[in-house]
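Structural overview
The lines below spell out each chain.
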Amino acid sequence: MKIDKAVIVAAGRGTRFLPVTRSIPKEMLPLVNKPLIQYAVEEVVASGIERVVIVAAPGKQSLVDYFSPSPELESFLEERGKAELLGEIQRLGRLADISYVIQEERLGLGHAVLTARDAVGDGPFAVLLPDDIIDSRVPVLRQMMDVFGRCQGNILAVRRIGYRETSKYGVIKPREVSPGLYRVEGLVEKPEPGEAPSQLGVVGRYILMPEVFDAISATPPGIGGEIQLTDALGFLLAKQDIYALEFEGVRYDTGTPQGWLEAQIAFAMKNPELSLKLKQYLGRLLQGSHPFRRDAG
Ligand code: G1P
């Protein structure tokens with residue numbers, strides 16, 4: 001079985017990042033100089049998948065525009081001799097074979113994945129939530145696909161979370177089968193601390209078998225009145241195995257200002273054009289001598 005499609009879910013409201021998400025989709029927020037969604041598409045491509053289905057929502061036209069050809073901008077850059085930028089803009093259109101489906105009603109993550117059913121067809125597929133940015137040596141999706149090669153089943157990415165953080169995640173009941181790889185014996189969406197089956201929280205990367213679509217169809221609204229993917233996976237467990245991989249990499253929740261800022265700084269620090277001056281700036285800021293004050297050291 002080969003995974004040849006990835007679904008990127010970009011249909012949420014971005015409530016945790018209001019007011020900017022009032023008119024800018026959260027997936028279009030920049031991380032240094034690229035929007036979050038581009039990192040997701042690049043992770044998919046770097047993992048060896050070329051076909052991407054973006055689940056968008058009404059009002060998110062800028063996502064479609066971003067990956068569409070822009071002849072006017074291209075001839076402008078060409079006339080100005082900006083070959084490097086031109087190459088980068090043209091590369092965007094060729095990154096992957098991208099199609100779009102629209103989730104007309106915001107009925108939850110499970111429902112958003114179900115919206116992509118026809119576009120996905122009947123093979124195993126990947127799901128990415130683009131506000132979970134993961135900085136890793138090997139793309140997380142690739143790490144999961146390598147496990148898929150052995151398990152041939154549903155695989156979730158998980159990470160250890162704090163005791164008080166469980167109410168922000170889908171949390172698994174794990175049984176370790178090898179270091180960092182678990183058989184999932186149960187799942188709960190956003191349990192209160194104390195009620196969580198473990199401290200392994202699901203991060204926004206999934207490899208799913210097509211049977212998940214029937215499971216979602218049969219899933220009633222759960223927490224928050226939404227059709228939860230986690231609940232559907234709980235039903236799927238009766239029929240299929242689900243594995244969870246504790247991946248290698250650092251995850252940023254860029255759907256919140258705090259996580260977004262941390263990612264911004266971490267990614268800028270790795271950028272050779274930005275890191276030196278940024279380090280000097282942050283150093284001065286942390287010492288309390290404001291770089292823009294007249295008496296700054
Ligand atoms: C979603 C999922 C949750 C998962 C999380 C990862 O929640 O429902 O199970 O742990 O993504 O980011 P959301 O963050 O959209 O509320």
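Higher on the page you've got the structure.
Let me begin by describing the structure that accompanies this report. (Residues numbered from 1 in each chain as written. Predicted model: local features only at pLDDT ≥ 70, side-chain atom pairs only at ≥ 80, totals over all residues. Heavy atoms only, no water.)

1. Notes on unusual backbone geometry
Following Leu-18, the chain continues to Pro-19 via a peptide bond in cis, the omega torsion being 10 degrees. Relative to the assigned elements, Pro-19 resides in the loop between strand 1 (5-9) and strand 2 (30-31). Located in the positive-phi region is Val-32, a residue other than glycine, with phi close to 55 degrees. Along the chain, the position of Val-32 falls in the loop between strand 2 and strand 3 (34-35). Residue Val-32 is classed as partly exposed on the basis of its relative accessible area, which comes to 25%. (Helix = DSSP H or I, 4+ residues; strand = E, 2+ residues; numbered from the N terminus. Buried < 20%, exposed > 50% of the residue type's maximum accessible area, 1.4 Å probe, protein only.)

2. Considerations on the site of the ligand
Taken together, Leu-109, Leu-129, Asp-132, Tyr-169, Gly-170, Glu-189, Lys-190, Val-202, Gly-204, Gln-228, Thr-230 and Arg-251 form the complete shell of residues around the ligand. One of the side-chain nitrogen or oxygen atoms of Thr-230 is found 3.2 Å away from an oxygen atom of the ligand. Here an oxygen atom of the ligand sits 3.4 Å away from a polar atom, N or O, in the side chain of Arg-251. Considered on its own, the ligand offers 380 Å² of accessible surface; in the complex 81% of this is hidden by protein. Among the residues making up the shell around the ligand, the classes are represented as 4 nonpolar, 4 polar and 4 charged. (Near = heavy atom within 4 Å. Polar contact = N/O pair within 3.5 Å; in protein donor to acceptor, adjacent residues only side chain to side chain. Areas by Shrake-Rupley, 256 points an atom, 1.4 Å probe, with all protein chains shown as cover. Nonpolar A, V, L, I, M, F, W, Y, C, P; charged D, E, K, R; others polar.)

3. Some words on the environment of Leu-187
In this structure, Leu-187 sits in strand 10 (residues 181-189). Each C-alpha atom, one on Leu-187 and one on Phe-125, is 20 Å from the other, the two residues being 62 residues apart in sequence. Ignoring sequence-local partners within four residues, the contact set of Leu-187 consists of Leu-156, Val-171, Ile-172, Thr-230, Leu-233, Gly-234, Leu-237 and Ile-242. (Contact = heavy atoms within 4.5 Å.)

4. Structural notes on the nonpolar core
Counting 38 residues, the largest nonpolar core has Ile-8 and Ile-37 as its most contacted members. Residue assignment for this core shows that the elements contributing at least two residues are strand 1, helix 1 (36-46), strand 4 (51-56), strand 6 (125-128), helix 7 (140-151), strand 8 (154-160), strand 11 (200-208) and strand 12 (242-246). Of the residues forming this core, the biggest block, 7 residues, is contributed by helix 7. Those residues within four positions of Ile-8 in sequence are excluded, and the remaining contacts are Ile-37, Ala-40, Val-41, Val-44, Val-52, Val-53, Ile-54, Val-55, Leu-128 and Pro-130. Core analysis: the next-biggest nonpolar cluster, separate from the first, contains 35 residues, Val-53, Val-113, Val-120 and Val-158 among them. (Core = buried A, V, L, I, M, F, W, Y, C linked by side-chain atoms within 4.5 Å.)

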